[in-house]
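Descriptive analysis of the structure
For reference, the chains in residue letters:
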Amino acid sequence: METLQNIADLSAYLVADEAIDHHHPVVRETAARLAKDVADSYEYARAAYEFVRDAIPHSQDSGDHRVTWRASDVLTLRTGICYAKSHALTALLRAEEIPTALCYQRLSHDEGGHAVHGLVAVRFNGAWHRQDPRGNKPGVDARFSLDGERLAWIPDTDAGELDYPVLYAEPHPAVLGALKAAPDRARLCRTLPDALVIDPAGSRERTPPL
């Protein structure tokens, strides 16, 4: 799949914002702890991915009703849905100067209809590589990979599923707005978007070579 940066300047994929708050002490401390045992940025990216995937339970899998959306809160409380875990991984990677984007899929929902799923893309060797840190479970075996995608799910286009090609420097506003407004996960499940509107004017920047 050809990806599209919504901002052409790669430096936009290193900045901090209210959700990707990688200047927060808990993000910096976690990044430093993960970085001290690895040899290079590739190993760090894998270590950060596996930490978020495995050490932070997906709140639906664990039955946790708390809603997190800020990266530092995800790391502190050790809980979050796919979007929140993607924010945490993005913050950890950007903390070590690795360009990281937020991206999304539209997948069938267990209870019928569709749901938007969040993941990340990391920039190495002049290309973007999508990774899914939502957490594994029976039937899901996502892994960090720069040589072919190892995502949790492959969209079934016949079922109305799809990969959104846009790589966002910030969380999609529809997703972030729902996260911030939800008092608990049950309410969040009812208010999250089942599809994203892609603005052609805001997502026409093709991925430039690095």
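Each remark here, short or long, concerns the structure printed above.
Residue numbers run consecutively from 1 along every chain, following the written order of its sequence. Side-chain atom pairs in this predicted model are given and counted only at pLDDT of 80 or more, local residue features only at pLDDT of at least 70, and totals for whole chains, interfaces and linings cover all residues. To get the side-chain values, take all heavy atoms of the structure and skip hydrogens and water.

1. Digging into the nonpolar core
Put simply, buried Ala, Val, Leu, Ile, Met, Phe, Trp, Tyr and Cys residues joined by side-chain atoms within 4.5 Å make one nonpolar core. Exposed residues in this analysis have more than 50% of their type's maximum accessible area, buried residues have under 20%, and partly exposed residues fall in between, with area computed by a 1.4 Å probe over protein chains only. By size, the foremost hydrophobic cluster in this structure holds 48 residues, and its most contacted members are Y44, L75, Y83, L92, L93 and Y104. Looking at this core, the element that brings in the most residues is helix α5 (residues 82-95), giving nine residues. A12, Y13, A121 and A169 belong to the second largest nonpolar core, which has eleven residues in total. Numbered from the N terminus, helices here are DSSP runs of H or I no shorter than four residues, and strands are runs of E no shorter than two.

2. Details of the side chain of D64
With respect to the secondary-structure elements, D64 resides in the loop between α3 (59-62) and α4 (71-77). Not counting residues within four places of it along the chain, the set of residues in contact with D64 comprises S59, T79 and R185. Residues count as neighbours in contact if any of their non-hydrogen atoms are within 4.5 Å of one another.

3. Let's talk about the pairing of strand β2 (residues 100-108)
Most of β2 sits inside the fold, with eight of its nine residues counted as buried. As paired elements, β2 and strand β3 (residues 114-124) share nine bridges and run antiparallel to each other. Residue pairing in the sheet places Y104 in a bridge with G118 of β3. Should DSSP find at least two bridges between two strands, the strands are taken to pair.

4. What about the pattern of salt bridges?
Between side chains of opposite charge, a pair can form as their charged atoms come close. Whenever Lys or Arg places a side-chain nitrogen within 4 Å of a carboxyl oxygen from Asp or Glu, that contact is recorded as a salt bridge. Inspection of the entire model under this criterion finds ten salt bridges. Note that K180 and E18 form a salt bridge whose closest N and O atoms lie 3.0 Å from each other. Within this pair, whereas K180 is found in helix α6 (residues 173-181), its partner E18 is found in the loop between β1 (4-5) and α1 (25-35), the two being separated by 162 residues in sequence. Classification of K180 by relative accessible area gives partly exposed; the value is 41%. R53 is the salt-bridge partner of D54, the closest N and O atoms lying 2.6 Å from each other. One connected set of salt bridges, linked through shared partners, spans D61, R134 and K137.

5. Some details on empty space enclosed by the protein
Points on a 1 Å grid over protein atoms alone make up a cavity when a 1.4 Å probe fits among them but cannot get out, and a pocket when they form an open set with protein on both sides within 12 Å along at least five of seven lines; lining residues each have an atom within 4 Å of a point. Grid points are joined across faces, edges and corners, and a volume is the space filled by probe spheres set on the points. Inspection of every chain in the model, using the stated rule, returns one cavity of 30 Å³ or more. In terms of lining, the largest cavity is formed by S59, R66, V67, T68, G80, I81, A84, R185 and L188. Residue polarity is assigned by list, with Asp, Glu, Lys and Arg as charged and Ala, Val, Leu, Ile, Met, Phe, Trp, Tyr, Cys and Pro as nonpolar; anything else, Gly included, falls into the polar class. Here the residues of the lining of the largest cavity sort into four nonpolar, three polar and two charged.

6. Comments concerning the environment of A19
Within the fold, A19 resides in the loop between β1 and α1. Looking at A19, the relative accessible area reads 0%, which means it is buried. If near-sequence neighbours (up to four positions away) are discounted, A19 is found in contact with W69, R70, A71, H87, P171 and L176.

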